[in-house]
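# Notes for the structure review
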Amino acid sequence: MCGIIGYTGYSGAKKKIITGLEALEYRGYDSAGAKIGENIVKATGRVRNLDLELEKIQDSKIGIGHTRWATHGEVSRENAHPHKVGKITLVHNGIIENHMELKRELLEEGVDFISTTDTEVACALINKYYLSLGNIEEAILKAMERFVGSYAFAIMVEEDSESI
Ligand code: GLU
């Protein structure tokens, strides 16, 4: 079962995200990733591997982190969360059962996918509605009307550098 942690505050997102992910390691996972400020880093295997990647990037006042338990798509860096499509970056716990149907629709509309996860499809759908509605809460609610499955997300939007 995966783990999600988010932090927005005054400083030191890196340390808080790693500490949070370490506390969630007992739940089991196969890869980990984080968005710290503008930078996304990912690693397969232990949270320690992600920590080594985080050393290479700048710290920030905001971040989200994720330990993944793969359900759709192999264990790989590309499939590790966070996923970013357009203006939306997110991490996800759960399964979007109708992701194939949604993906077909989005592919027809010209969306490119990097991973083979159900999560990237959810990200692309929220991005689609965000682009048309211009409001993240409304975009999430509209996407939720389409999702079949179970899900918890932590979401960051490009235009808002302070909120999760
Ligand atoms: N279904 C998603 C994936 O396979 C999320 C799995 C999880 O909850 O970690 O990437």
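Quick note: structure is the one above.
Here's what I pulled together on the structure shown here.

What counts, and at which threshold
- Counting of residues starts from 1 at the beginning of each chain's written sequence and follows it residue by residue.
- Confidence filtering applies because this is a predicted model: local features only for residues at pLDDT of at least 70, side-chain atom pairs given and counted only at 80 or more, and all residues used for totals across whole chains, interfaces and linings.
- Hydrogens and waters are ignored; side-chain quantities use all the structure's heavy atoms.
- Helix numbers and strand numbers start at the N terminus; a helix is a DSSP run of H or I with at least 4 residues, a strand a run of E with at least 2.
- Only protein chains enter the accessibility calculation, which uses a 1.4 Å probe. A residue is then buried if its area is under 20% of the maximum for its type, exposed if over 50%, and partly exposed in between.
- We call a residue near a molecule or strand when any one of its heavy atoms sits within 4 Å of it.
- Pairing of N or O atoms within 3.5 Å defines a polar contact, subject to two protein rules: one partner must be a possible hydrogen donor and the other a possible acceptor, and residues neighboring in sequence count only if both atoms are side-chain atoms.
- Two strands make a pair as long as DSSP finds a minimum of two bridges between them.
- Convention adopted: a line fitted to C-alpha atoms gives each axis, helices being fitted over their contacting stretch, and angles between N-to-C directions are expressed from 0 to 180 degrees.
- Every residue pair with non-hydrogen atoms within 4.5 Å of one another is taken to be in contact.

Looking only at helices and strands, the protein features five helices and seven strands. The order of α-helices and β-strands along the protein, N terminus first, is β-α-β-β-α-β-β-β-α-α-α-β. Projected onto its principal axes, the C-alpha coordinates of the protein cover approximately 40 × 30 × 25 Å. With 164 residues in all, the protein has 49% of them scored as buried.

Turning our eyes to something else, we now look at the site of the ligand. Around the ligand, 14 residues are found, and the nearest of them are Arg 68, Thr 71, His 81, Gly 94 and Asp 118. A distance of 2.8 Å separates an oxygen atom of the ligand from a polar atom in the side chain of His 81. Take Asn 93: an N or O atom from its side chain is 3.3 Å from an oxygen atom of the ligand. Secondary-structure elements contributing two or more residues to the shell around the ligand are strand E4 (62–68), strand E6 (88–96) and helix H4 (118–133). Considering each element in turn, the shell around the ligand owes the most residues, three residues, to E6.

Within the open sheet, the three strands sit side by side as E5-E6-E7. Their pairing is antiparallel. The strands lining the two open edges of the sheet, one partner per strand, are strand E5 (83–85) and strand E7 (149–157). Taking the axes of each pair of neighbouring strands and ignoring which way they run, one obtains an average angle of 35° across the sheet. Bridge count between E5 and E6: three bridges; the pairing is antiparallel. Bridge pairing links Val 85 to Ile 88 in E6. Packed onto the sheet, H4 meets E5, E6 and E7 and runs at close to 130° relative to E6.

Hairpin connection between E5 and E6: a loop of two residues separates the two successive antiparallel strands, and Gly 86 in this loop has a positive phi of roughly 60°. For E6 and E7, the ladder comprises nine bridges, and the chain directions are antiparallel. The residue bridging Thr 89 from the neighbouring strand is Met 156, located in E7.

By the secondary structure assignment, Thr 119 is in helix H4. The spatial distance from the C-alpha of Thr 119 to the C-alpha of Tyr 151 is 9.4 Å, given a sequence separation of 32 residues. At 3.4 Å, the side chain of Thr 119 forms a polar contact with the side chain of His 81.

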